[in-house]
Amino acid sequence: MEHPLIGALDDLTMDQLESKINELNSKLMIAYRTGNGYLCDQIRMALESYKSKLYEKREEQYKKATEKFDDKINISS
């Protein structure tokens, strides 16, 4: 489930998304240690939003990279 209060993430680069994911992971560990379950849930939702956007951008990048090889012979099969 994605966090409802996070705005559009389309403007962020992959590096910015990865940085934010790392930051949220460290905050999640702090929330676990303090026993704040509600905060853990909120951070997990935010993490899901950032991870799904990063996944979308990686898929898009992969598709662009493989398009230029469409006319080549596939020897992996």
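First, a word on what this report is: a plain description of the structure on this page. Numbers given to residues run from 1 along each chain, matching the order in which its sequence is written. Where local features are concerned, this predicted model is filtered to residues with pLDDT of at least 70; where side-chain atom pairs are given and counted, the filter is 80 or more; whole-chain, interface and lining totals use all residues. Hydrogens and water molecules were not included; the side-chain quantities draw on all heavy atoms of the structure.

Comments concerning helix α1 (residues 14–34)
Here α1 is 21 residues long and its end C-alpha atoms lie 30 Å apart, about the 30 Å a rise of 1.5 Å per residue gives. Think of it in three bands: residues with accessible area under 20% of the maximum for their type are buried, residues over 50% are exposed, and the middle band is partly exposed, with areas taken using a 1.4 Å probe on protein chains only. Helix and strand definitions follow DSSP, with helices as H or I runs of at least four residues and strands as E runs of at least two, each counted in order from the N terminus. Leu17, Ile21, Leu24, Leu28 and Ala31 are the residues of α1 that are buried. The buried residues of α1 occupy one face: seen down the axis, they fall within an arc of 85 degrees. Away from its buried face by more than 90 degrees, α1 exposes Asp15, Asn22, Arg33 and Thr34. Contact between two residues is taken to exist if any of their heavy atoms lie within 4.5 Å; hydrogens are not considered. Contacts made by the buried residues of α1 are with α2 (37–67). Two residues or fewer after α1 comes glycine 35, characterised by a positive phi angle close to 80 degrees. One less than the residue count of a helix, multiplied by 1.5 Å, gives the span that helix is expected to have. Note that the arc is computed from the directions linking the helix axis to the C-beta atoms.

Focus: the pattern of salt bridges
By definition, a salt bridge exists where a carboxyl oxygen of Asp or Glu is found within 4 Å of a side-chain nitrogen of Lys or Arg. Across all of its chains, the model carries seven salt bridges by this definition. With a shortest N-O distance of 2.9 Å, aspartate 41 and arginine 44 are connected by a salt bridge. Of this pair, aspartate 41 and arginine 44 both sit in helix α2, three residues apart, which is roughly one turn of that helix. In this structure, glutamate 56 and lysine 53 form a salt bridge, with 3.1 Å as the shortest nitrogen-oxygen distance. In this pair, glutamate 56 and lysine 53 both sit in helix α2, three residues apart, roughly one turn of the helix. Among the charged side chains, a salt-bridge network with shared partners connects Asp10, Lys53 and Glu56.

Observations regarding α2
The end-to-end C-alpha distance of α2 is 45 Å, a good match for the 45 Å that 31 residues give at a rise of 1.5 Å each. Taken together, the buried positions of α2 are occupied by Cys40, Ile43, Met45, Ala46, Leu47, Ser49, Tyr50, Ser52, Lys53 and Leu54. Here the buried face of α2 lies against α1.

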